[in-house]
Amino acid sequence: MKQIKKLITILIPAYNEEEVLNPLIHRLKSVTAKLPNYQFEFLFVNDGSSDNTLAMLKTLAKVHSEISYVNLSRNFGKEVAMLAGFDHINGDAVIIIDADLQDPPELIPKMIRYWEKGYDDVFAKRKTRAGETWFKKWSSNSYYKILEKVSHIPTQNNTGDFRLLDRKCIEALRQMRESQRYTKGMFNWIGFNKKELLFDREQRVAGTTKWNYPKLFNLAIDGLTSSTVAPLRISSIFGTVISILSLLFMLFIFIRTLVFGGSVPGYPSLMTVILFLGGIQLISLGIIGEYLGKVFNETKNRPVYLIDEYYSPIALRKSEMRRDG
Ligand code: UDP
Ligand code: MG
């Protein structure tokens, strides 16, 4: 009896990637052609592109039967686009890859080999990050160090979303439906059997990065506030320490006034203390606000994303096979 081949979905979130689609599919096909024992699905999530990405996908899908796509109703960001992808995966495993070929598809066979050995999450760790400034490298490095310290969940430094996930990881991630997502934290949170692969991150083949510092800053705040409540704890500790110190200072002033009488000077020290405490209070309020805003957004219980169109010849084939028994 002929064994049914395992199906592997390659998930590609794409936002304004018209320039890279052709080289991407070319590279993916030349890699997957060398893996005849598997079936492949290229699942694109068009994240509200304003260029010709969708039109190109439609044309390409007519030529390449592996291509499926989910078209989101607007730009939701890569994190949400990945969830939309997870919800439409037909494969036994998924490989998440960036559209811009910064993640070399040539690593795919190796990932699959480890998956067959029983690993559930084979993630690619960057040895080098070509085309990135020292500041981006340094800031991302220190960020992960802090995140790991305060969240007590191991983080994967220098790791992106480029990885192979077994079906059970996908099922786990699909259950995590928060709208302000930090998927990198989720990969760690779900656990399972992990394996690290090293690779050299390349430069984009074309187009420009969709990330800028404000966007990265937002992602960083989301990463912190969705993985841990440590900032709330830190602000309570800070508040307690300052209260104790000011109580001691108050006693000191009280006794000094009793012993030496009142004194007029002290305006500068008064001012600095007031301003300093005011600043601390505002920061603490801001931290509480961050969490409150998260609670507010999640309690609205809106769908995380909306779909305009889903096209998948593979899903169709699968449901036909089920119907025919
Ligand atoms: N992306 C997306 N939605 C967005 C921004 C980016 O789906 O709002 C996709 C993008 O098309 C690419 C991947 O996420 O496939 C990584 O984006 P980019 O290369 O801009 O990020 P960088 O590599 O600079 O971190
Ligand atoms: Mg990129």
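Conventions adopted
Residues numbered from 1 in each chain as written. Chains lettered and ligands numbered in written order. Predicted model: local features only at pLDDT ≥ 70, side-chain atom pairs only at ≥ 80, totals over all residues. Heavy atoms only, no water. Patch = residues over 30% accessible without salt bridge, like charges linked within 9 Å, V, L, I, M, F, W, Y side chains within 5 Å. Areas by Shrake-Rupley, 256 points an atom, 1.4 Å probe, with all protein chains shown as cover. Salt bridge = Lys/Arg side-chain N within 4 Å of Asp/Glu carboxyl O. Lys, Arg positive; Asp, Glu negative; His and termini not counted. Charge placed at Lys NZ, Arg CZ, Asp CG, Glu CD. Helix = DSSP H or I, 4+ residues; strand = E, 2+ residues; numbered from the N terminus. Buried < 20%, exposed > 50% of the residue type's maximum accessible area, 1.4 Å probe, protein only. Core = buried A, V, L, I, M, F, W, Y, C linked by side-chain atoms within 4.5 Å. Near = heavy atom within 4 Å. Polar contact = N/O pair within 3.5 Å; in protein donor to acceptor, adjacent residues only side chain to side chain. Nonpolar A, V, L, I, M, F, W, Y, C, P; charged D, E, K, R; others polar. Donors = N, O, S within 2.8 Å, 3.2 Å for Na, K, Ca; no water. Pairing = 2+ DSSP bridges. Right-handed = clockwise from strand over helix to strand, strands pointing away. Contact = heavy atoms within 4.5 Å. Axes fitted to C-alpha atoms, helices over the stretch in contact; angles between N-to-C directions. Parallel < 35°, antiparallel > 145°, perpendicular 65-115°, else oblique. Phe/Tyr/Trp six-rings, centres within 6.5 Å; stacked < 30°, edge-to-face > 60°.

Enquirer: Help me out: how do you make sense of a positive patch on the surface in this one?
Expert: On the surface, Lys 110, Arg 113, Lys 117 and Lys 127 cluster together into a positively charged patch. By secondary structure assignment, the location of Lys 117 is in the loop between α4 (108-116) and β5 (121-129). By relative accessible area, which is 63% here, Lys 117 ends up exposed.

Enquirer: Which parts of the structure should I look at to understand the nonpolar core?
Expert: One broad rule of soluble globular proteins: the nonpolar side chains tend to lie buried together. Of all hydrophobic cores here, the largest spans 39 residues; its most connected members are Ile 10, Ile 12, Phe 44, Ile 95 and Ile 112. Leu 43, Ile 89, Met 186 and Phe 187 belong to the second-largest nonpolar core, a separate cluster that totals 26 residues.

Enquirer: Would you take a moment to explain the site of ligand 1 for this structure?
Expert: Neighbouring residues of ligand 1: 17 residues in total, closest Glu 17, Asp 100, Gln 102, Thr 209 and Lys 210. Between Glu 17 and ligand 1, the recorded distance is 2.6 Å, taken from a side-chain N or O atom to an oxygen atom. For ligand 1, an oxygen atom lies 3.1 Å from a polar atom in the side chain of Asn 75. In the complex, 94% of the free accessible area of ligand 1, which totals 530 Å², lies under the protein chains. Among the residues forming the shell around ligand 1, the class breakdown is five nonpolar, four polar and eight charged.

Enquirer: Explain the coordination of the magnesium ion (ligand 2) here, please?
Expert: The expected angle between donors at a tetrahedral four-coordinate metal is 109.5 degrees. At an octahedral six-coordinate metal it is 90 or 180 degrees. Looking at the magnesium ion (ligand 2), one finds its protein donor set to be Asp 100 (OD) and Gln 102 (OE1), positioned 1.9 Å from the metal centre. Neither residue differs from the other here; Asp 100 and Gln 102 are each classed as buried.

Enquirer: Sorry, what's going on with the pairing of strand β2 (residues 38-46) here?
Expert: Taking burial as the measure, the nine residues of β2 include eight buried ones, the bulk of the element. Pairing between strand β1 (residues 6-14) and β2: nine bridges, direction parallel. Bridge pairing in β2 links Lys 6 to Tyr 38. A crossover links β1 with its parallel partner β2, the connecting element being helix α1 (residues 21-32), and its sense is right-handed. Strand direction decides the pairing type here: β2 and strand β3 (residues 67-72), joined by five bridges, are parallel. Opposite Phe 42, over in β3, you have Ile 67 as the bridge partner.

Enquirer: Would you explain the environment of Leu 54 in this entry?
Expert: Its place among the elements puts Leu 54 in helix α2 (residues 53-63). When the C-alpha positions of Leu 54 and Tyr 69 are compared, they lie 8.8 Å apart, and in sequence the two are 15 residues distant. For Leu 54, the residues in contact, after removing those within four places along its chain, are Asn 46, Tyr 69 and Asn 71.

Enquirer: Sorry if this is basic, but what is going on with a nonpolar patch on the surface here?
Expert: A contiguous nonpolar surface patch, about 1,200 Å² in accessible area, is contributed by Ile 237, Val 241, Ile 244, Leu 245, Leu 248, Leu 251, Phe 254, Ile 255, Leu 258, Val 259 and Phe 260. With respect to the element layout, Ile 255 can be found in helix α9 (residues 230-260).

Enquirer: Whenever I open this one, helix α7 (residues 183-190) confuses me. Can you help?
Expert: Side chains that are three or four residues apart share a direction in an α-helix, a result of its 3.6 residues per turn. Most of α7 sits inside the fold, with six of its eight residues counted as buried. Every buried residue belonging to α7 is among Thr 183, Lys 184, Met 186, Phe 187, Asn 188 and Ile 190, and all of these are buried. Just beyond α7, the residue with positive phi is Gly 191, at close to 80°.

Enquirer: I would appreciate a short explanation of the environment of Thr 208 in the present structure.
Expert: For Thr 208, the location among the structural elements is in the loop between β7 (194-201) and α8 (213-227). With 98 residues separating them along the chain, Thr 208 and Lys 110 place their C-alpha atoms 28 Å apart.

Enquirer: Would you mind going over the packing of helix α5 (residues 134-151) against α8 with me for this structure?
Expert: Pairs of packed helices are described in terms of their axes, by the angle between the two and the distance that separates them. The interhelical angle for the contact between α5 and α8, taken along N-to-C directions, is 10°, at an axis separation of 10 Å. Classified by the angle between their axes, α5 and α8 sit roughly parallel to one another. Here Phe 135, Lys 136, Tyr 143, Leu 147, Val 150 and Ser 151 of α5 come into contact with α8, specifically with Tyr 213, Leu 216, Leu 219, Ala 220, Gly 223, Leu 224 and Ser 227. Split by residue class, the contact of α5 with α8 holds nine nonpolar, three polar and one charged.

Enquirer: Explanation requested: the packing of aromatic side chains in the structure shown.
Expert: The relative placement of two aromatic rings is captured by the distance of their centres and the angle of their planes. By the definition in use, this model includes seven aromatic pairs. A ring pair is formed by Tyr 69 and Tyr 311, whose centres lie 5.2 Å apart and whose planes are at 25°; its orientation type is stacked. On the criterion of sequence distance, the pair formed by Tyr 69 in strand β3 and Tyr 311 in strand β8 (residues 307-311) is long-range, its members being 242 residues apart. You can call Tyr 69 buried: its relative accessible area is 4%. Measuring from ring centre to ring centre gives 5.6 Å for Phe 162 and Phe 199, while their planes differ by 75°; the resulting arrangement is edge-to-face.

Enquirer: Teacher, can you tell me more about the packing of α8 against helix α10 (residues 267-299) here?
Expert: Packing of α8 against α10 brings their axes to within 11 Å, and their N-to-C directions diverge by 80°. Between α8 and α10, the angle is such that the two are roughly perpendicular. Side by side, α8 and α10 meet where Ile 221, Asp 222, Leu 224, Thr 225 and Ser 226 of the first sit next to Glu 290, Tyr 291 and Lys 294 of the second. Residues of the contact of α8 with α10, tallied by class, amount to three nonpolar, two polar and three charged.

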